[in-house]
Amino acid sequence: MDWLKALILGIVQGASEYLPISSSGHLAIFRSILGVDLPVSQQLQFDVMVHFATVLSTIVILWPMFRKLCAGFFRFDGSPDFVYVCKVLVSCIPVGIVGVFFKKQVEEIFGEGLLVVGICLMCTAILLAFAYFSGFDRHTGKPVPADRGRDISWKDAFIIGCAQAVAVLPGLSRSGSTIATGILLGDKRGQVATFSFIMVILPIVGESLLDLAKMLSPAAEAAETASPIGATAMLAGFASAFLVGCAACKWMIALVKKGKLIWFSLYCLAAGLLCLLWQ
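To start, this report covers the structure provided alongside it. (Residues numbered from 1 in each chain as written. Predicted model: local features only at pLDDT ≥ 70, side-chain atom pairs only at ≥ 80, totals over all residues. Heavy atoms only, no water.)

Some details on the nonpolar core
Val88, Val117, Leu121, Phe195, Phe197 and Met252 are the most contacted members of the largest nonpolar core, which has 48 residues in total. The contacts of valine 88, once residues within four sequence positions are left out, are Phe195, Ile198 and Met199. Grouped together as the second largest cluster of nonpolar side chains are 14 residues, Ala6, Leu27, Val36 and Val50 included. (Core = buried A, V, L, I, M, F, W, Y, C linked by side-chain atoms within 4.5 Å. Buried < 20%, exposed > 50% of the residue type's maximum accessible area, 1.4 Å probe, protein only. Contact = heavy atoms within 4.5 Å.)

A few points about the side chain of aspartate 81
Looking at the element boundaries, aspartate 81 is found in helix 5 (residues 80–91). The class of aspartate 81 is buried, set by a relative accessible area of 14%. A polar contact of 2.9 Å, which involves the side chain of aspartate 81, links it to the side chain of lysine 68. Leaving out residues up to four positions away in the same chain, aspartate 81 has contacts with Lys68, Leu69 and Gly72. (Helix = DSSP H or I, 4+ residues; strand = E, 2+ residues; numbered from the N terminus. Polar contact = N/O pair within 3.5 Å; in protein donor to acceptor, adjacent residues only side chain to side chain.)

What about helix 1 (residues 3–16)?
For helix 1, which comprises 14 residues, the first-to-last C-alpha distance of 20 Å matches the rise-based estimate of 20 Å (1.5 Å per residue) to within 8%. One side-chain oxygen of the residue at the start of helix 1 lies 3.2 Å from the amide nitrogen of leucine 4, identifying that residue as aspartate 2. (Expected span 1.5 Å × (residues − 1).)

Here's the deal with the packing of helix 4 (residues 63–73) against helix 5
Here helix 4 crosses helix 5 at 100 degrees, and the two axes come no closer than 7 Å. As summarised for this structure, helix 4 and helix 5 are arranged roughly perpendicular, according to the angle between their axes. Contacts between helix 4 and helix 5 involve Met65, Lys68, Leu69, Gly72 and Phe73 on the former and, on the latter, Asp81, Phe82, Tyr84, Val85, Cys86 and Leu89. Looking at the contact of helix 4 with helix 5, its residues break down into 8 nonpolar, 1 polar and 2 charged. (Axes fitted to C-alpha atoms, helices over the stretch in contact; angles between N-to-C directions. Parallel < 35°, antiparallel > 145°, perpendicular 65-115°, else oblique. Nonpolar A, V, L, I, M, F, W, Y, C, P; charged D, E, K, R; others polar.)

So, unusual backbone geometry
At serine 22, a position not held by glycine, the phi torsion is positive, near 75 degrees. Take serine 22: it is sitting in the loop between helix 1 and helix 2 (23–34). Classification of serine 22 by relative accessible area gives buried; the value is 1%. With a phi close to 50 degrees, phenylalanine 76 is a non-glycine residue in the positive phi region. Inspection of the secondary structure assignment puts phenylalanine 76 in the loop between helix 4 and helix 5.

Observations regarding the environment of phenylalanine 74
Residue placement: phenylalanine 74 occurs in the loop between helix 4 and helix 5. Look at phenylalanine 74 and you get exposed, because its relative accessible area is 58%. When the C-alpha positions of phenylalanine 74 and valine 85 are compared, they lie 9.9 Å apart, and in sequence the two are 11 residues distant.

A look at the environment of lysine 103
Structurally, lysine 103 is set in helix 7 (residues 103–110). With a relative accessible area of 27%, lysine 103 lands in the partly exposed category. Considered as a pair, lysine 103 and valine 168 are 65 residues apart in the sequence and their alpha carbons are 9.8 Å apart.

Examining the packing of aromatic side chains
One pass over the full model with this rule turns up 10 aromatic pairs. With 5.9 Å between their ring centres and 35 degrees between their planes, tryptophan 63 and phenylalanine 66 make a pair best called tilted. Here tryptophan 63 and its partner phenylalanine 66 are both found in helix 4, 3 residues apart, which amounts to about one turn of the helix. Cluster of aromatic residues (ring-pair linked, three or more members): Phe73, Phe74, Phe76 and Phe82. Its guanidinium or amino end placed over the ring of tryptophan 154, lysine 87 lies 6.0 Å from that ring's centre, counting from NZ or CZ. (Phe/Tyr/Trp six-rings, centres within 6.5 Å; stacked < 30°, edge-to-face > 60°. Lys NZ or Arg CZ within 6 Å of the ring centre and 35° of its normal.)

Given below as structure tokens:
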């Protein structure tokens, strides 16, 4: 894969990680459009790398909150910041279980082509539509204010984490699934968006470190995991994913507060249908 294709895929990842349209699904779509044909193991390595770039963009955009949460957590004082981070850790349990016990099965699904992507994109569309219509007051018919609702509870954190675990499927949006789940649970929209972006940091960083360890192992140097992508292409993908991710993160938080999810639902429905016709 040359640097230009990697650059385009990085842009796709940076935008689609935060917009509720499935980054893994769109990476699969654009790989097909660009004619990028990589072994599944190499494909996942590139995906993890650009996902790590968007995690860094999350930390940059939410740095004041991220720093405050880290300081509060390591004080172990039972403060609201300590409790918040503990809820984030609880939300990571389901995706951790999937990563440890079902990684091989997930990798096999990624090799199934656009059929699975199309079906999952339409599932994302349905979930976003439910979340959108639940955001209206039954009596007045007006949108519910972003600050109305409850704070994210321990139970809500775990359920949102389950949504994130299911969203490892290509085409099922992680941000869309977690944000929509939180809204359907009755949590405050502004809180849900921020929680959704914070909770992905630990799983992606963990996956990236494991992948890096594999690439640096003697077996990887001698065998199939030696990347055919090239350093320039990897750097182009990483940089574009990071820069576009910074812009998309700020934009998406504002959109969720305004409740503008229906347009993404329609987009995912159209993209899913196109995938089914393309495959």
